[in-house]
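Remarks on the overall topology
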Amino acid sequence: ISAKKKRISSDYSSMAASGQPKSEGRKIQDSNLNFSVSKNSGRVALHLTNGQLLNSNFAIEDLINRTQCLIPANSCDASEKIKFDDGAISSVLSLIDEGVLKRNDVSFNYKSFQCEIKEFVKNFLSLREIEKKALMNGEIVLNPYFVHQAAAKAVVSSVTGSYSRYGGGANENAANNVELGIASSADFAVLNNKACAWCANILSEASTAEGVTSIYCSQECAMEGRLRRGGMSSTHVRLQVFALEKGVCQRCGVDAHALYLRIKALQPPERLNVLCNANWNLPKTGAALERLLQHPKEGDFWQADHIVAVSEGGGRCGLDNLQTLCTPCHLRDTEQLRSRLRLSGGARSEILGRGQQDIRATFSQKQPRKRKSAD
């Protein structure tokens, strides 16, 4: 067992011993089982609290009845909506290596183990997709009662307080240092494409070979740099968010992507009835409604939304500050944002570097009739 696994496991054991309350508001109790999630398969392995493997694992979907309804990613009542297959859980528990239990002086307690598996699954499913991804590396051993705390540690916020939508990579920092007359050799390496445009690490020989155009040192830097430096179109940003959340609204739980596909498959006269039956907020103008019914687009149904809005310091962010919102929820958020900015006096105009205007200046101008996203 790696030292890292032991360390992380002990962190959460000490949290449980401190009597710190759970997110659900119930009193914390010590757990007998811990869990880790495989990056490749997504299967969950069972551990003792000291990190030792119990040689039993499961796929979360195998423990849940197929007839269960969809659980919104941030639903506070997700635990009330999950219907477990107790027979499947029994099968998982039957595979536990009782020799490992005996060597560690742990008794096999079926009821306790079953409850802890359910607690872990409920808490894990209530995470945002980016939080699940951060925990799926096989190295983090999770206490079932502290899954949210572990996710908060694993996901490093990319919110920096910036009011510009893009920027912040090594390339931009190097260019600013040149303008200020304080550029270093590392800055010139970035500007001459000898070092990564995002993290400033020196590029490999293969990346700088003749005929090769590469400004990033890794796939991770490429994705982060294109997202946060503005090298990725809004369509590609949506694709990144969709890959995580599949078009499901993180506020109300509606599967906006599935609704779009259903509407797209219908004839215009049928589309209005389906939208009304789904309690969808229809456009307020006749022209907009007609366009939606005649030529529906996926962008009519869900948006890639900034959790902390750009106009409130959420610019230059990564995927951790983006979420899927259905269009009605996004419109409500936008109206609330406009109200907050007017009340807080955030409608002052500031000019940023490289000709970018502070997005808050938008709210100092008279708003046209057509509503635009302030996010």
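Located above this text is the structure these notes cover.
This report concerns the structure included in the present document.

Conventions used here
Residues numbered from 1 in each chain as written. Predicted model: local features only at pLDDT ≥ 70, side-chain atom pairs only at ≥ 80, totals over all residues. Heavy atoms only, no water. Pairing = 2+ DSSP bridges. Helix = DSSP H or I, 4+ residues; strand = E, 2+ residues; numbered from the N terminus. Axes fitted to C-alpha atoms, helices over the stretch in contact; angles between N-to-C directions. Contact = heavy atoms within 4.5 Å. Parallel < 35°, antiparallel > 145°, perpendicular 65-115°, else oblique. Left-handed = near helix turned anticlockwise from the far one by under 90°. Nonpolar A, V, L, I, M, F, W, Y, C, P; charged D, E, K, R; others polar. Core = buried A, V, L, I, M, F, W, Y, C linked by side-chain atoms within 4.5 Å. Buried < 20%, exposed > 50% of the residue type's maximum accessible area, 1.4 Å probe, protein only. Phe/Tyr/Trp six-rings, centres within 6.5 Å; stacked < 30°, edge-to-face > 60°. 1 Å grid on protein atoms, 1.4 Å probe; cavity = no way out; pocket = protein on both sides within 12 Å on 5 of 7 lines; lining within 4 Å. Points joined across faces, edges and corners; volume = space filled by probe spheres on them.

Read from one edge of the open sheet, three strands run β1-β2-β3, paired in antiparallel fashion. With one partner strand each, in any of the chains shown, β1 (33-37) and β3 (53-58) form the two edges of the open sheet. Taking each pair of neighbouring strands and ignoring which way they run, the sheet shows an average axis angle of 30°. Across the sheet, helix α5 (residues 110-125) lies against β1, β2 (44-48) and β3, angled at about 40° from β1, the strand it touches most.

So, on to the packing of helix α3 (residues 86-94) against α5. With their axes 10 Å apart at the nearest point, α3 and α5 run at an angle of 115° to one another. Regarding the angle of α3 to α5, the classification is roughly perpendicular. When the axes of α3 and α5 are compared, the crossing they make is right-handed. Residues D86, I89, S90, V92 and L93 of α3 pack against Y110, F113, Q114, I117 and K118 of α5. Residues belonging to the contact of α3 with α5 are distributed by class as follows: six nonpolar, two polar and two charged.

Generally speaking, soluble globular proteins have nonpolar side chains that are buried together. The biggest cluster of nonpolar side chains holds 33 residues, and the ones touching the most others in it are L46, F58, I117, F120, V121 and L135. Contributions of two or more residues to this core are made by β1, β2, β3, α3, α4 (98-103), α5 and α7 (147-154). Considering every element that reaches this core, the biggest residue donor is α5, with six residues. With near-sequence residues (within four places) excluded, L46 lies in contact with L33, N34, F35, Q52, L53, L54, S56, F58, V92, L93, I96 and I117. Among the nonpolar cores identified, the runner-up in size contains 16 residues, and L259, W280, F301 and C326 belong to it.

To continue, consider the pairing of β3. Here β2 runs beside β3; their pairing, made up of three bridges, is antiparallel. If you follow V44 over to β3, its bridge partner there is F58.

Turning our eyes to something else, we now look at the packing of aromatic side chains. Applying the stated rule across the entire model yields six aromatic pairs. A centroid spacing of 5.3 Å and a plane angle of 75° characterise the contact between F108 and F113, whose relative ring orientation is edge-to-face. Under the relative-accessibility criterion, F113 is labelled buried at 0%. Ring pairs connect the aromatic residues F35, F120 and F124, which therefore count as one cluster.

This part covers the layout of surface pockets. By volume, the second largest pocket is sized at about 820 Å³. Residue assignment for the lining of the second largest pocket shows that the elements contributing at least two residues are α6 (129-135), α10 (219-229) and α11 (234-245). The element contributing the most residues to the lining of the second largest pocket is α10, with six residues. Residue classes in the lining of the second largest pocket are distributed as twelve nonpolar, four polar and five charged.

Right, let's talk about the pairing of β2 for a bit. Most of β2 is tucked away: five of the five residues are buried. The alternating pattern of β2 places V44, L46 and L48 and A45 and H47 on opposite faces, both of which are buried. The turn joining β2 and β3, which pair antiparallel and follow one another in sequence, is formed by four residues; a positive phi near 95° is taken by G51.

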